[in-house]
Amino acid sequence: MPLSLLNLDDRNFEQLTAAAQALIPKNFPGWTDFNPSDPGITLLELFAFLTEAQVYQINRVPERSLERFAGLVGVMRSPGEPIEGTLRRVIAALNVEDRAITEAEFEQLAIEAVPGTVARAKAVIVVVNTPDVFPDEQFVDIVLVPNAPDVSAPLPDDALRQQVFDFLQPRRLITTRVRVVQPQYTDVAIALTVVRDPIRRLDRTVVQNNVEHAVRTFLGPLGGGIDGLGWEFGRAVYRSELSQLIEGIDGVDHIKQLLLNGNEDLNEARLSSAASLVNLATLGVTVVDGE
């Protein structure tokens with residue numbers, strides 16, 4: 001299917017003439033004769049005719065010009081190739097994100113640096129206070145989470161960090177200072193006592209395993225979080241979300257007690273920084289029958 005070229009201007013002679021005549025009362029109040037016999041109207045129509053001819057030329061860019069435009073982005077037309085095919089390759093080349101400017105671009109390129117190895121990346125702007133230098137030093141820290149689903153708190157090794165750094169260096173702005181770092185993990189302790197569903201009457205071990213699996217998955221750095229794409233960097237752990245999760249698990253009637261970091265009254269466990277993830281230090285689940 002050939003690409004449809006943009007219509008840069010679709011105004012015709014009548015529209016151009018009407019637009020010009022509408023400006024006369026404002027700019028020339030004394031001009032009141034708008035008949036075609038008026039010399040001013042004749043000149044106005046002449047300019048409208050010439051403008052319409054220019055519009056016609058604008059919307060019909062010759063192929064040799066399109067070839068030169070394509071060459072500006074490094075796309076050369078092959079012998080015998082239809083110009084539509086060349087323009088498709090131009091659009092494809094322009095859509096390739098190979099420069100890191102925004103935080104989202106840094107994150108996407110960090111994942112693409114070593115395909116299949118980096119599961120997640122987070123770009124964090126860090127300002128370092130330098131009393132004797134103005135302005136303060138700024139860095140873009142790229143936090144990497146490697147694709148290690150069997151590890152509760154995966155950390156990238158030095159070789160992986162170096163690979164990502166080498167990939168980002170030529171793609172950053174010349175004044176941007178990049179550091180590739182490991183994620184920080186904030187320890188969170190959870191102790192639960194849940195009441196078994198009296199109707200389902202699942203085995204206590206089954207209920208306990210269901211709860212442990214759900215909580216570990218929900219807080220996990222890779223498959224956790226609300227969207228299942230990994231726990232959000234820097235996001236606190238909320239008692240309300242845990243309660244909703246646990247009480248929806250098969251075999252659980254309700255929660256009898258929930259200790260968050262050893263505190264029954266704590267509503268949220270905050271993480272240490274915007275680049276931090278959850279490390280589930282301890283998880284204790286006790287299943288009891290209702291009274």
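As a reminder, the structure under discussion sits directly above these lines.
1. Some thoughts on the packing of aromatic side chains
Using the criterion set out here, one finds 2 aromatic pairs in the structure. With centroids separated by 5.3 Å and ring planes inclined at 80 degrees, the aromatic side chains of F218 and W231 adopt a geometry described as edge-to-face. Placement of F218 in helix 8 (residues 204-218) and of W231 in the loop between helix 8 and strand 5 (237-238) is noted, with a sequence separation of 13 residues between them. We note that F218, like W231, is buried. Taking the ring centre of F167 as reference, the NZ or CZ of R171 above it sits at 3.8 Å. Seen from the ring of F139, R179 lies directly overhead, with NZ or CZ sitting 4.1 Å from the centre.

2. Looking at the nonpolar core
In terms of nonpolar packing, the biggest core is built from 27 residues, with I190, L192, V211, V215, L219, V237 and I246 touching the most fellow members. Within the residue set of this core, elements represented by two or more residues are strand 4 (184-196), helix 8, helix 9 (239-247), strand 6 (252-260) and strand 8 (276-288). When near neighbours in sequence (up to four residues on either side) are disregarded, L219 contacts I190, W231, V237, V278 and L280. In this structure, A123, V140, I142 and L168 belong to the second largest nonpolar core, which totals 17 residues.

3. As for the sheet that holds strand 1 (residues 118-128)
Read from one edge to the other, the open sheet built from 3 strands follows the order 1-2-3, with strand pairing classed as mixed. The open sheet has two free edges, formed respectively by strand 1 and strand 3 (178-181), since each of these has just one partner strand. For this sheet, the mean angle separating the axes of adjacent strands, direction not counted, is 25 degrees. In this structure, strand 2 (residues 137-146) lies alongside strand 3, joined through 4 bridges in parallel fashion. Considered in strand 3, the bridge of D141 is made with R179. Helix 7 (residues 158-168) rests against strand 1, strand 2 and strand 3 of the sheet, and its axis sits at about 155 degrees to strand 3.

4. Things to note about unusual backbone geometry
One non-glycine residue with positive phi stands out, namely N261, at about 55 degrees. If you trace the backbone, N261 turns up in the loop between strand 6 and strand 7 (268-269). On the basis of relative accessible area, N261 is assigned to the partly exposed category, the value being 39%.

5. Details of the sheet that holds strand 4
One open sheet accounts for 3 strands, arranged 6-4-8; its pairing is mixed. Both outer strands of the open sheet, strand 6 and strand 8, are each paired with one neighbouring strand and no more. Across the sheet, the axes of successive neighbouring strands diverge by a mean angle of 30 degrees, strand direction being ignored. As paired elements, strand 4 and strand 8 share 12 bridges and run parallel to each other. Within strand 8, the residue paired with I190 across the bridge is L283.

6. Here's the deal with the pattern of salt bridges
Side-chain pairing between opposite charges can occur once the charged atoms of the two side chains come close. Applying the stated criterion to the full structure yields 11 salt bridges. For R200, the salt bridge goes to D250, with nearest N and O atoms at 2.7 Å. A residue pair is termed long-range when its members are at least 10 positions apart, and R200 in the loop between strand 4 and helix 8 and D250 in the loop between helix 9 and strand 6 qualify at 50 residues. With a relative accessible area of 44%, R200 lands in the partly exposed category. Look at the salt bridges and you will find they share partners, linking E63, E67 and R77 into a network.

7. Here's the deal with the pairing of strand 4
Pairing of strand 4 with strand 6 involves 7 bridges; the strand directions are antiparallel. Paired with A191 across the bridge in strand 6 is L259.

8. Overview of the layout of surface pockets
Considering only enclosed or pocket space, the largest pocket measures out at about 240 Å³ in volume. Considering the residues around the largest pocket, the lining is formed by P149, V151, S152, R216, L219, G220, P221, L222, G223, V278, N279 and L280. At 3 residues, strand 8 tops the list of elements feeding residues into the lining of the largest pocket. The residue inventory of the lining of the largest pocket, partitioned by class, reads 7 nonpolar, 4 polar and 1 charged.

Basis of the calculations
- Residues numbered from 1 in each chain as written.
- Predicted model: local features only at pLDDT ≥ 70, side-chain atom pairs only at ≥ 80, totals over all residues.
- Heavy atoms only, no water.
- Phe/Tyr/Trp six-rings, centres within 6.5 Å; stacked < 30°, edge-to-face > 60°.
- Helix = DSSP H or I, 4+ residues; strand = E, 2+ residues; numbered from the N terminus.
- Buried < 20%, exposed > 50% of the residue type's maximum accessible area, 1.4 Å probe, protein only.
- Lys NZ or Arg CZ within 6 Å of the ring centre and 35° of its normal.
- Core = buried A, V, L, I, M, F, W, Y, C linked by side-chain atoms within 4.5 Å.
- Contact = heavy atoms within 4.5 Å.
- Pairing = 2+ DSSP bridges.
- Axes fitted to C-alpha atoms, helices over the stretch in contact; angles between N-to-C directions.
- Salt bridge = Lys/Arg side-chain N within 4 Å of Asp/Glu carboxyl O.
- 1 Å grid on protein atoms, 1.4 Å probe; cavity = no way out; pocket = protein on both sides within 12 Å on 5 of 7 lines; lining within 4 Å.
- Points joined across faces, edges and corners; volume = space filled by probe spheres on them.
- Nonpolar A, V, L, I, M, F, W, Y, C, P; charged D, E, K, R; others polar.

It is worth stressing that arrangement in space is one thing and function is another; only the former is reported here.
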